[in-house]
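Chain by chain, the residues:
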Amino acid sequence: MNIQNAQQEVDNWIKDHGVRYFNELTNMAQLTEEVGEVARIIARRYGEQSEKESDKDKDLGEELADVLFVVLCLANQTGVDLQEAFNKRMDKKGKRDHDRHHNNEKLK
């Protein structure tokens, strides 16, 4: 599935099940909440914090998908074509950062 298809699928879901999009500020707050859930898993599972029993069944993939869903909602409701934006960003990064990381002594 490409990003345009994902945006369309989210839009269809909103129309069929969600009644309407939450407003942009609500979705921004929701995005922050979802990113926080990803951060909690990463910090406890891969970082130095101990993982609580209640967190051990959390699925990182599902939490990342929640982040993606809200990002797609925000793109849809603000008229952003994420496929186009992503392609432009990757092109820019490819040109700007072509040798940057290979020449970074910290990464060797």
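This is a predicted model, so every value here is computed, not measured. (Residues numbered from 1 in each chain as written. Predicted model: local features only at pLDDT ≥ 70, side-chain atom pairs only at ≥ 80, totals over all residues. Heavy atoms only, no water.)

Student: Tell me about the packing of aromatic side chains, and please be specific about residues and values.
Tutor: Under the defined criterion, the tally for this structure stands at one aromatic pair. Relative to Phe-69, the ring of Trp-13 has its centre 5.7 Å away and its plane inclined at 85°; by these criteria the two rings are edge-to-face. Here the residue Trp-13 occupies a position in helix α1 (residues 3–18), and Phe-69 occupies one in helix α3 (residues 60–78), the gap between them amounting to 56 residues. Residue class for Trp-13 comes out partly exposed when judged on its relative accessible area of 41%. Using a relative accessible area of 30% as the deciding quantity, one classes Phe-69 as partly exposed. (Phe/Tyr/Trp six-rings, centres within 6.5 Å; stacked < 30°, edge-to-face > 60°. Helix = DSSP H or I, 4+ residues; strand = E, 2+ residues; numbered from the N terminus. Buried < 20%, exposed > 50% of the residue type's maximum accessible area, 1.4 Å probe, protein only.)

Student: I'd like to hear about the side chain of Asp-55, residue by residue, with values.
Tutor: Turning to its location among the elements, Asp-55 is positioned in the loop between α2 (24–45) and α3. For Asp-55, the residues in contact, after removing those within four places along its chain, are Arg-40, Arg-44 and Arg-45. (Contact = heavy atoms within 4.5 Å.)

Student: Explain the nonpolar core to me, and be specific about the residues and the numbers.
Tutor: With seven residues, the main nonpolar core is built from Leu-31, Val-38, Ile-41, Leu-60, Val-67, Val-70 and Leu-74. Among the elements of the structure, α2 and α3 are those that each provide at least two residues to this core. Residue contributions to this core peak at four residues, all from α3. Apart from the residues within four sequence positions on either side, Leu-60 is in contact with Val-38, Ile-41, Ile-42, Arg-45 and Tyr-46. The next biggest cluster of nonpolar side chains, apart from the first, holds six residues, and it includes Ala-6, Ile-14, Tyr-21 and Leu-72. (Core = buried A, V, L, I, M, F, W, Y, C linked by side-chain atoms within 4.5 Å.)

Student: So, the UniProt feature "domain: NTP pyrophosphohydrolase MazG-like" (unreviewed entry) in the chain: which residues are in play, and what are the values?
Tutor: The UniProt record annotates "domain: NTP pyrophosphohydrolase MazG-like" (unreviewed entry) at residues 23–100. Helix makes up 72% of residues 23–100 and strand 0%, and the two end C-alpha atoms of the span are 39 Å apart. (UniProt positions renumbered as here; feature names shortened; annotations may be inferred.)

Student: Which residues make up the environment of Lys-106, and what values go with them?
Tutor: Note on placement: Lys-106 falls in the segment after α4 (82–96). By relative accessible area, which is 77% here, Lys-106 ends up exposed. Along the chain, Lys-106 and Glu-53 lie 53 residues apart, while their C-alpha atoms are 36 Å from each other.

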